[in-house]
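Listed below are the residues making up each chain.
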Amino acid sequence: MRNVVRWTENPLRWVDALHQQMDDVFNRVYQDGSEVAKASTWAPRLDLVETEGAYEVKVDLPGIAPENVEVNLNDNVLTIQGERKVETENKEKNYHRIERVSGTFYRAITLPAKVDDEAVQASFEHGVLHVVVPKKPESRGKRITVQAKQN
(Lines give C-alpha, C1' and ligand atoms only; values in the text may rest on other atoms or scores of the structure.)
Protein backbone atom coordinates (compact mmCIF):
# COMPACT_ATOMS: atom_id res chain seq x y z
CA MET A 1 0.00 0.00 0.00
CA ARG A 2 1.36 3.42 -0.94
CA ASN A 3 1.13 6.44 1.31
CA VAL A 4 -0.45 9.52 -0.18
CA VAL A 5 1.44 12.70 0.60
CA ARG A 6 -0.38 15.99 0.21
CA TRP A 7 1.68 18.73 -1.41
CA THR A 8 1.09 21.81 0.70
CA GLU A 9 3.43 24.11 -1.20
CA ASN A 10 2.64 25.82 -4.44
CA PRO A 11 3.84 23.31 -7.08
CA LEU A 12 4.53 26.15 -9.52
CA ARG A 13 6.64 28.17 -7.09
CA TRP A 14 9.59 27.87 -9.48
CA VAL A 15 7.59 29.80 -12.09
CA ASP A 16 7.29 32.73 -9.65
CA ALA A 17 11.04 32.57 -8.97
CA LEU A 18 11.80 32.55 -12.69
CA HIS A 19 9.43 35.49 -13.22
CA GLN A 20 11.25 37.50 -10.52
CA GLN A 21 14.63 36.72 -12.06
CA MET A 22 13.42 37.80 -15.50
CA ASP A 23 12.01 41.01 -13.99
CA ASP A 24 15.43 41.68 -12.44
CA VAL A 25 17.12 41.22 -15.82
CA PHE A 26 14.69 43.50 -17.66
CA ASN A 27 14.81 46.10 -14.88
CA ARG A 28 18.56 46.26 -15.34
CA VAL A 29 18.43 46.47 -19.14
CA TYR A 30 15.33 48.62 -19.71
CA GLN A 31 15.14 51.15 -16.92
CA ASP A 32 12.64 53.99 -17.29
CA GLY A 33 11.96 52.99 -20.89
CA SER A 34 15.52 53.60 -22.06
CA GLU A 35 16.93 50.95 -24.36
CA VAL A 36 20.24 50.32 -22.68
CA ALA A 37 21.07 50.79 -19.03
CA LYS A 38 24.35 52.20 -17.89
CA ALA A 39 27.08 49.60 -17.49
CA SER A 40 27.52 50.54 -13.84
CA THR A 41 23.87 49.86 -12.89
CA TRP A 42 23.22 47.20 -10.28
CA ALA A 43 20.08 46.08 -8.46
CA PRO A 44 20.11 45.73 -4.68
CA ARG A 45 18.14 42.85 -3.14
CA LEU A 46 14.81 43.62 -1.54
CA ASP A 47 11.91 42.08 0.35
CA LEU A 48 8.29 42.95 -0.48
CA VAL A 49 5.75 42.05 2.19
CA GLU A 50 2.02 42.61 2.10
CA THR A 51 0.16 43.25 5.33
CA GLU A 52 -3.55 43.89 5.74
CA GLY A 53 -3.15 47.64 5.34
CA ALA A 54 0.09 48.21 3.43
CA TYR A 55 2.97 46.97 1.35
CA GLU A 56 6.36 47.06 3.05
CA VAL A 57 9.60 47.09 1.10
CA LYS A 58 13.01 46.59 2.68
CA VAL A 59 16.08 47.18 0.53
CA ASP A 60 19.65 46.36 1.53
CA LEU A 61 21.77 49.44 0.81
CA PRO A 62 24.87 49.12 3.00
CA GLY A 63 27.38 51.91 2.73
CA ILE A 64 24.96 54.26 0.98
CA ALA A 65 23.97 57.58 2.49
CA PRO A 66 20.22 58.33 2.61
CA GLU A 67 20.75 61.48 0.56
CA ASN A 68 22.00 59.26 -2.30
CA VAL A 69 18.68 57.37 -2.47
CA GLU A 70 15.55 58.50 -4.33
CA VAL A 71 12.15 56.85 -3.82
CA ASN A 72 9.20 57.56 -6.16
CA LEU A 73 5.70 56.16 -6.55
CA ASN A 74 3.84 56.67 -9.81
CA ASP A 75 0.85 54.63 -11.08
CA ASN A 76 1.41 51.88 -8.48
CA VAL A 77 5.07 51.50 -9.51
CA LEU A 78 7.53 52.08 -6.70
CA THR A 79 10.99 53.02 -7.97
CA ILE A 80 14.10 53.12 -5.83
CA GLN A 81 17.27 54.48 -7.32
CA GLY A 82 20.50 56.05 -6.26
CA GLU A 83 24.22 55.65 -6.22
CA ARG A 84 26.95 54.04 -4.20
CA LYS A 85 29.98 56.25 -4.63
CA VAL A 86 33.13 54.63 -5.94
CA GLU A 87 35.83 54.52 -3.31
CA THR A 88 39.12 55.86 -4.58
CA GLU A 89 41.89 53.31 -4.62
CA ASN A 90 44.61 54.02 -2.14
CA LYS A 91 47.97 53.45 -3.82
CA GLU A 92 49.55 52.77 -0.41
CA LYS A 93 47.42 49.64 0.02
CA ASN A 94 47.71 46.35 -1.84
CA TYR A 95 44.21 45.35 -2.88
CA HIS A 96 43.75 41.58 -3.13
CA ARG A 97 40.08 41.71 -3.95
CA ILE A 98 37.52 44.37 -4.83
CA GLU A 99 34.06 42.78 -4.92
CA ARG A 100 31.74 45.46 -3.60
CA VAL A 101 29.55 46.95 -6.30
CA SER A 102 29.52 50.69 -6.85
CA GLY A 103 27.74 52.99 -9.25
CA THR A 104 24.05 53.67 -9.82
CA PHE A 105 21.29 51.29 -8.79
CA TYR A 106 17.68 50.99 -9.81
CA ARG A 107 14.67 48.88 -8.80
CA ALA A 108 11.07 49.15 -9.96
CA ILE A 109 8.28 47.26 -8.20
CA THR A 110 4.74 47.14 -9.51
CA LEU A 111 2.37 46.98 -6.56
CA PRO A 112 -0.69 44.78 -7.13
CA ALA A 113 -3.41 46.95 -5.55
CA LYS A 114 -4.46 50.57 -5.35
CA VAL A 115 -2.20 52.37 -2.91
CA ASP A 116 -2.34 55.67 -1.06
CA ASP A 117 0.50 57.60 -2.69
CA GLU A 118 -0.01 60.54 -0.32
CA ALA A 119 0.83 58.48 2.80
CA VAL A 120 4.02 56.67 1.73
CA GLN A 121 6.76 56.68 4.36
CA ALA A 122 10.45 55.88 3.91
CA SER A 123 13.12 55.47 6.57
CA PHE A 124 16.74 54.42 6.54
CA GLU A 125 18.45 52.56 9.37
CA HIS A 126 21.60 50.42 9.56
CA GLY A 127 21.95 50.30 5.77
CA VAL A 128 18.37 49.15 5.18
CA LEU A 129 15.80 51.31 3.40
CA HIS A 130 12.27 50.64 4.71
CA VAL A 131 9.36 51.92 2.61
CA VAL A 132 5.74 51.56 3.76
CA VAL A 133 3.09 52.08 1.08
CA PRO A 134 -0.41 52.06 2.63
CA LYS A 135 -3.30 50.56 0.69
CA LYS A 136 -6.32 52.72 0.00
CA PRO A 137 -9.15 51.74 2.34
CA GLU A 138 -11.36 50.57 -0.52
CA SER A 139 -8.66 48.20 -1.79
CA ARG A 140 -8.06 46.48 1.54
CA GLY A 141 -10.92 44.07 1.03
CA LYS A 142 -13.55 43.05 3.49
CA ARG A 143 -14.20 39.76 5.18
CA ILE A 144 -17.79 38.69 4.76
CA THR A 145 -19.33 36.50 7.40
CA VAL A 146 -21.33 33.58 6.05
CA GLN A 147 -24.46 32.99 8.06
CA ALA A 148 -26.58 29.89 8.16
CA LYS A 149 -30.01 30.30 6.66
CA GLN A 150 -32.87 29.70 9.09
CA ASN A 151 -35.81 27.59 7.83
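The text that follows walks through the structure, step by step, so that each part is easy to find. The numbers attached to residues start from 1 for each chain and follow its sequence in the written order. Two thresholds apply to this predicted model, a pLDDT of at least 70 for residue-level local features and 80 or more for giving and counting side-chain atom pairs, whereas whole-chain, interface and lining totals are computed over all residues. Heavy atoms throughout the structure, all of them, feed into the side-chain values; hydrogens and water do not.

Attention shifts here to the sheet that holds strand E2 (residues 54-60). As summarised here, the arrangement of the 4 strands in space is E1-E2-E7-E6, forming an open sheet in which the pairing is antiparallel. Here the strands that pair on one side only, and so sit at the sheet edges, are strand E1 (46-50) and strand E6 (121-125). Across the sheet, the axes of successive neighbouring strands diverge by a mean angle of 15°, strand direction being ignored. Pairing of E1 with E2 involves 5 bridges; the strand directions are antiparallel. Counterpart to Leu 48 in the pairing with E2 is Val 57. Note: two strands are recorded as paired if DSSP finds a minimum of 2 bridges between them. In DSSP terms, a helix is any run of H or I states spanning at least four residues, a strand is any run of E spanning at least two, and both are numbered starting from the N terminus. Convention adopted: a line fitted to C-alpha atoms gives each axis, helices being fitted over their contacting stretch, and angles between N-to-C directions are expressed from 0 to 180 degrees.

Turning next to the environment of Pro 62. In this structure, Pro 62 sits in the loop between E2 and strand E3 (69-74). When a residue's accessible area, from a 1.4 Å probe over protein chains only, is under 20% of the maximum for its type it is buried; when over 50% it is exposed; and in between it is partly exposed. For Pro 62, a relative accessible area of 48% puts it in the partly exposed group. Counting along the chain gives 64 residues from Pro 62 to His 126, while the straight-line C-alpha distance between them is 7.4 Å. Only heavy atoms enter the contact rule, under which two residues are in contact if any of them lie within 4.5 Å. Beyond its immediate chain neighbours, meaning those up to four positions away, Pro 62 contacts Arg 84 and Gly 127.

Below, the discussion takes up the pairing of strand E7 (residues 128-134). Bridge count between E2 and E7: 7 bridges; the pairing is antiparallel. Directly across from Ala 54, in E7, lies its bridge partner Pro 134. In terms of strand pairing, E6 meets E7 through 5 bridges, oriented antiparallel. Pairing of Glu 125 across the sheet is with Val 128, part of E7. From the end of E6 to the start of E7, which pair antiparallel, there are 2 residues, and His 126 there has a positive phi angle of about 55°.

Turning our eyes to something else, we now look at the nonpolar core. Among soluble globular proteins, nonpolar side chains are generally buried collectively. Within the largest apolar cluster, 16 residues are counted, with the highest numbers of intra-cluster contacts made by Leu 61 and Ile 80. Of all the elements in the fold, those that place two or more residues in this core are E2, strand E4 (77-84), strand E5 (103-110) and E7. Contact partners of Ile 80, with chain neighbours within four places excluded, come to Val 57, Val 59, Val 69, Glu 70, Val 71, Phe 105, Tyr 106, Arg 107, Ile 109 and Leu 129. Throughout this description, the term nonpolar core refers to a set of buried Ala, Val, Leu, Ile, Met, Phe, Trp, Tyr and Cys residues connected via side-chain atoms within 4.5 Å.

So, on to a nonpolar patch on the surface. In this analysis, a patch consists of residues with relative accessible area above 30% that form no salt bridge, clustered at 9 Å for like charges and at 5 Å for the nonpolar side chains Val, Leu, Ile, Met, Phe, Trp and Tyr. For the area figures, the Shrake-Rupley method with a 1.4 Å probe applies, and any residue is considered shielded solely by the protein chains shown. Whenever a carboxyl oxygen of Asp or Glu lies within 4 Å of a side-chain nitrogen of Lys or Arg, that contact is scored as a salt bridge. A contiguous nonpolar surface patch, about 390 Å² in accessible area, is contributed by Trp 14, Val 15, Leu 18 and Met 22. Residue classification places Leu 18 among the partly exposed positions, given a relative accessible area of 42%.

So, about the sheet that holds E4. The sheet built from 3 strands is open, its strands ordered E3-E4-E5 with antiparallel pairing. Single-partner strands in this sheet number two, and they are E3 and E5. Across the sheet, the mean angle from the axis of one strand to that of its neighbour is 10°, orientation sign disregarded. In this sheet, E5 lies alongside E4 in antiparallel orientation, the contact comprising 8 bridges. Bridge pairing links Thr 79 to Ala 108 in E5.

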